[in-house]
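The chain contents come next:
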Amino acid sequence: DENSKWIDLRNNVALSNSGATAFIARDQDSEKLVLLESDGKETILATAGKDLKEFSFFSIVINDKNWVAFRGIDLKGKHALYVATKNEIKKVLTQFDKIKVPWGEALIAYGPHIPFGGSIDMNN
């Protein structure tokens, strides 16, 4: 649509049971955005260059609380998993974080490559 403010959409759309839609798009200024469309209103949840360096080309997910989970590269250049709501963006897990596992501690790392494989998911 020539009149749309969005000049392209990424290769993903997430739909919730509550009727909300989340997607990543690019506007005329080439900013990449995570958007939430619910009840006919659009809400920008995260902006590349401001909240994170860039979005990753992996599917995003949305739950019935309208929380959106996505992957990206943080402002320091590390790969990360994020959850965004209308009120905040939270980095959930970052490359080189240490996490507790049943046998002790594990490091989230895969050399210089993306440390997270496959899709992400979340429940309500």
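Keep in mind that what you see is a predicted model, and the values were worked out from it rather than measured.

On any regular strand, side chains alternate: one points to one face of the sheet, the next to the other face. Pairing of strand β10 (residues 98-101) with strand β11 (residues 104-107), which is carried by 4 bridges, proceeds in the antiparallel orientation. Bridging across to β11, Ile99 finds its partner in Ala106. Two successive antiparallel strands, β10 and β11, enclose a turn made up of 2 residues.

What follows concerns the sheet that holds strand β2 (residues 21-27). Taken in spatial order, the 4 strands line up as β1-β2-β3-β4 in an open sheet, and their pairing is antiparallel. In this open sheet, the two edge strands, each paired with only one partner strand, are β1 (6-15) and β4 (41-47). Averaged over all pairs of adjacent strands, the angle between strand axes in this sheet comes to 30°, irrespective of strand direction. Examined bridge by bridge, β1 and β2 share 6 bridges and lie antiparallel to one another. Within β2, the residue paired with Asp8 across the bridge is Arg26.

Turning our attention to the side chain of Thr21. Turning to its location among the elements, Thr21 is positioned in strand β2. Ignoring sequence-local partners within four residues, the contact set of Thr21 consists of Val13, Ala14, Leu15, Leu35, Leu36 and Glu37.

Below, the discussion takes up unusual backbone geometry. The backbone phi angle of Asp39 is positive, close to 55°, even though this residue is not glycine. Within the element layout of this structure, Asp39 appears in the loop between β3 (32-38) and β4. You can call Asp39 exposed: its relative accessible area is 74%. Of note, the phi angle at Asn66 is positive, near 65°, even though the residue is not glycine. Looking at where Asn66 falls in the secondary structure, it is placed in the loop between β6 (61-62) and β7 (68-73). According to the relative accessible area criterion, Asn66 is buried, its value standing at 14%.

A word on the side chain of Asp27. Within the element layout of this structure, Asp27 appears in strand β2. Although buried, Asp27 forms no salt bridge, and the nearest oppositely charged side chain, Arg26, lies 7.5 Å from it. Excluding residues within four positions of it along the chain, Asp27 makes contact with Lys5, Trp6, Ile7 and Leu33.

Conventions adopted
Counting restarts for each chain: residues are numbered from 1 in the order of the written sequence. Two thresholds apply to this predicted model, a pLDDT of at least 70 for residue-level local features and 80 or more for giving and counting side-chain atom pairs, whereas whole-chain, interface and lining totals are computed over all residues. The side-chain figures draw on all heavy atoms in the structure; neither hydrogens nor water molecules are used. One bridge is not enough; two strands pair if DSSP finds at least two bridges between them. The secondary structure listing takes helices from DSSP runs of H or I that are at least 4 residues long and strands from runs of E that are at least 2 residues long, numbered from the N terminus. Convention adopted: a line fitted to C-alpha atoms gives each axis, helices being fitted over their contacting stretch, and angles between N-to-C directions are expressed from 0 to 180 degrees. Contacts were defined at the residue level, with two residues in contact if any of their heavy atoms lie within 4.5 Å. Here the term buried applies to any residue with accessible area under 20% of the maximum for its type, exposed to any over 50%, and partly exposed to those in between, with areas from a 1.4 Å probe on protein chains only. Charged-residue counts in this description rest on Lys and Arg as positive and Asp and Glu as negative, His and the chain ends being excluded. Take a side-chain nitrogen of Lys or Arg and a carboxyl oxygen of Asp or Glu: if they are within 4 Å of each other, that pair is a salt bridge.

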